[in-house]
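Below, each chain spelled out in residue letters.
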Amino acid sequence: VQLQASGGGLVQPGGSLRLSCAASGRVFAINAMGWYRQAPGKQREPVASITSGGSTNYADSVKGRFTISRDNAKNTVYLQMNSLKPEDTAVYYCNVVYIDAGGVGSSWGQGTLVTVSS
């Protein structure tokens, strides 16, 4: 499965961005889809995830500000980020868990940079 992420950029504090990540490839099903981020000098951390049934989970630091959603017909996951803070600055990576002929697998997107600065 290949993932193509987009939507990052430079935004002022308090602003908004929407990230997208489209999955392509021959799979039987895509289960969980999620977003992680890695700030300079820090480890990669989970931001939000969504199951095939639509159940969501968020890191405490983004609850109430970020919203994850998915379009199963397009195999695409989105992350709407509002009220952005400088500490949200990071490279954001999408991740999917899927089932194909080889069994259960996981893929990562290439990362998209989000910079929150005035």
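Residues numbered from 1 in each chain as written. Predicted model: local features only at pLDDT ≥ 70, side-chain atom pairs only at ≥ 80, totals over all residues. Heavy atoms only, no water.

Details of the layout of surface pockets
- Its volume calculated, the largest pocket comes out at about 160 Å³.
- Lining the largest pocket we find 13 residues, and of these Arg37, Ala39, Lys42, Glu45 and Glu87 sit closest to its centre.
- For the lining of the largest pocket, a count of residues per class yields two nonpolar, four polar and seven charged. (1 Å grid on protein atoms, 1.4 Å probe; cavity = no way out; pocket = protein on both sides within 12 Å on 5 of 7 lines; lining within 4 Å. Points joined across faces, edges and corners; volume = space filled by probe spheres on them. Nonpolar A, V, L, I, M, F, W, Y, C, P; charged D, E, K, R; others polar.)

A few points about the side chain of Arg65
- Position of Arg65 relative to the elements: it lies in the loop between strand S6 (56-58) and strand S7 (66-71).
- On the accessibility criterion, Arg65 (10% relative accessible area) is buried.
- Among the polar contacts listed, one links the side chain of Arg65 to the side chain of Asp88, at a separation of 2.7 Å.
- Dropping the residues within four chain positions of it, Arg65 is found in contact with Gln80, Met81, Asn82, Ser83, Leu84, Lys85 and Asp88. (Helix = DSSP H or I, 4+ residues; strand = E, 2+ residues; numbered from the N terminus. Buried < 20%, exposed > 50% of the residue type's maximum accessible area, 1.4 Å probe, protein only. Polar contact = N/O pair within 3.5 Å; in protein donor to acceptor, adjacent residues only side chain to side chain. Contact = heavy atoms within 4.5 Å.)

Some details on the pairing of strand S10 (residues 103-108)
- Relative to S10, strand S9 (residues 90-100) runs antiparallel, the two being bridged by six bridges. The residue bridging Val96 from the neighbouring strand is Ser107, located in S10.
- Counted between consecutive antiparallel strands, the loop separating S9 from S10 contains two residues. (Pairing = 2+ DSSP bridges.)

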